[in-house]
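Understanding the architecture of this molecule
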Amino acid sequence: MTSAPIRLLLADDHPVVRAGLRAVLDTEPGFVVVAEAATAERAVELAAAGGVDVVLMDLQFGPGRMHGSEATAAIAGRPGAPRVLVLTTYDTDADILAAVESGAAGYLLKDAPPEELAAAVRTAAAGQSALAPAVAHRLMDRMRTPAEALTKRELEVLQLVGEGLSNQQVSKALFLSQATVKSHLVHIYAKLGVDSRTSAVAAATARRLIRR
């Protein structure tokens, strides 16, 4: 008896990337690409409509668009939801933690070889976690040195600081008081061994904790 194919939804704002993914996945036995989405919002709609087993989700969909982690949370939060496998170019702690906490079943980088991608899809479809080796390594490092690791909230604060936002703007974006933002920055400086916003952003970028 032949098992049912794994039905895939490709969510990426670049048509060339979607076409490339489809070309790779269509050659795999037991896979069928049933839908594509150019925005995270559309991916949420298509996933909710049913008929999808695994969503391959990018993280960035352009200015003003829903982030892939938000879409992952919206999809994963529904009963009987498809599994979401994040497929991105970003391997920073901020991106990885946001995706994992949103309910992603896996996290893979776009430079993964086709066989690794296929294996991750099958692993996710089977209800297990599929992490790229580099991603798993970063998560293990955080677990080994929890006192030195920036928390998800600290990473969020520092990411916005790196984007040029003031403390007041960060407080509005994250719905925090300015005093709380300052407190987070004090902890960030201590953990990174720096004494300024500029140095903190430079150190965090060099360590691939945040994106620039």
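You'll find the structure just up there.
Let us look at the structure shown here. Here the structure is a predicted model, which is why all the values come from computation and not from measurement.

Before going further, it helps to examine helix H6 (residues 133-144). Between its first and last C-alpha atoms H6 spans 16 Å; for 12 residues at 1.5 Å apiece the expected length is 16 Å, and the two agree. Buried residues of H6: Val135, Arg138, Leu139 and Arg142, and no others. The buried residues of H6 occupy an angular sector of 95° when the element is viewed end-on, so they sit on one face. Residues of H6 that are exposed and point more than 90 degrees away from the buried face comprise Pro133, Met143 and Arg144.

What follows concerns unusual backbone geometry. The phi angle at phenylalanine 175 is positive, at roughly 55°, despite the residue not being glycine. Checked against the element boundaries, phenylalanine 175 lands in the loop between helix H8 (167-174) and helix H9 (178-192).

Its place among the elements puts arginine 138 in helix H6. A relative accessible area of 13% means that arginine 138 is categorised as buried. Here aspartate 91 takes part through its backbone oxygen, which lies 3.4 Å from a polar atom of the side chain of arginine 138. Ignoring sequence-local partners within four residues, the contact set of arginine 138 consists of Asp91, Asp93, Ile96, Arg207, Arg208 and Leu209.

A separate point is the pattern of salt bridges. Across all of its chains, the model carries 16 salt bridges by this definition. With its nearest N and O atoms 2.8 Å apart, the salt bridge here joins lysine 110 to aspartate 12. Highlighted residues: lysine 110 in the loop between strand S5 (106-109) and helix H5 (114-125) and aspartate 12 in the loop between strand S1 (6-11) and helix H1 (15-25), separated in sequence by 98 residues. Taking the relative accessible area as the measure of exposure, aspartate 12 reaches 2% and is therefore buried. A salt bridge links arginine 142 to aspartate 93; its shortest N-O distance comes to 3.3 Å. Of the two residues, arginine 142 sits in helix H6 while aspartate 93 sits in helix H4 (residues 93-101), which places them 49 residues apart along the sequence.

If you trace the six strands from one edge of the open sheet to the other, you get S2-S1-S3-S4-S5-S6, paired in parallel fashion. Bordering the open sheet on either side are strand S2 (31-37) and strand S6 (130-131), each of which pairs with just one other strand. Each of S1, S2, strand S3 (54-57) and strand S4 (83-88) touches H1; the most contacted strand, S2, lies at about 170° to it. Along the sheet face, helix H3 (residues 68-76) touches S3 and S4 and points at about 165° away from the line of S3.

Let's shift gears to the pairing of S3. Along S3, one buried face is formed by Val54 and Leu56 and the opposite face, lined by Val55 and Met57, is buried too. Where S1 and S3 come together, four bridges link them in parallel fashion. Of the residues in S3, the one forming a bridge with leucine 10 is leucine 56. By the bridge criterion, four bridges tie S3 to S4 in an arrangement that is parallel. For leucine 56, the partnering residue across the bridge sits in S4 and is leucine 85. At this point the chain moves from S3, through H3, to the parallel S4, and the crossover so formed is right-handed.

What counts and what doesn't
Residues numbered from 1 in each chain as written. Predicted model: local features only at pLDDT ≥ 70, side-chain atom pairs only at ≥ 80, totals over all residues. Heavy atoms only, no water. Helix = DSSP H or I, 4+ residues; strand = E, 2+ residues; numbered from the N terminus. Expected span 1.5 Å × (residues − 1). Buried < 20%, exposed > 50% of the residue type's maximum accessible area, 1.4 Å probe, protein only. Arc of directions from axis to C-beta. Polar contact = N/O pair within 3.5 Å; in protein donor to acceptor, adjacent residues only side chain to side chain. Contact = heavy atoms within 4.5 Å. Salt bridge = Lys/Arg side-chain N within 4 Å of Asp/Glu carboxyl O. Pairing = 2+ DSSP bridges. Axes fitted to C-alpha atoms, helices over the stretch in contact; angles between N-to-C directions. Right-handed = clockwise from strand over helix to strand, strands pointing away.

Such coordinate-based values are descriptive only and should not be taken to indicate function.
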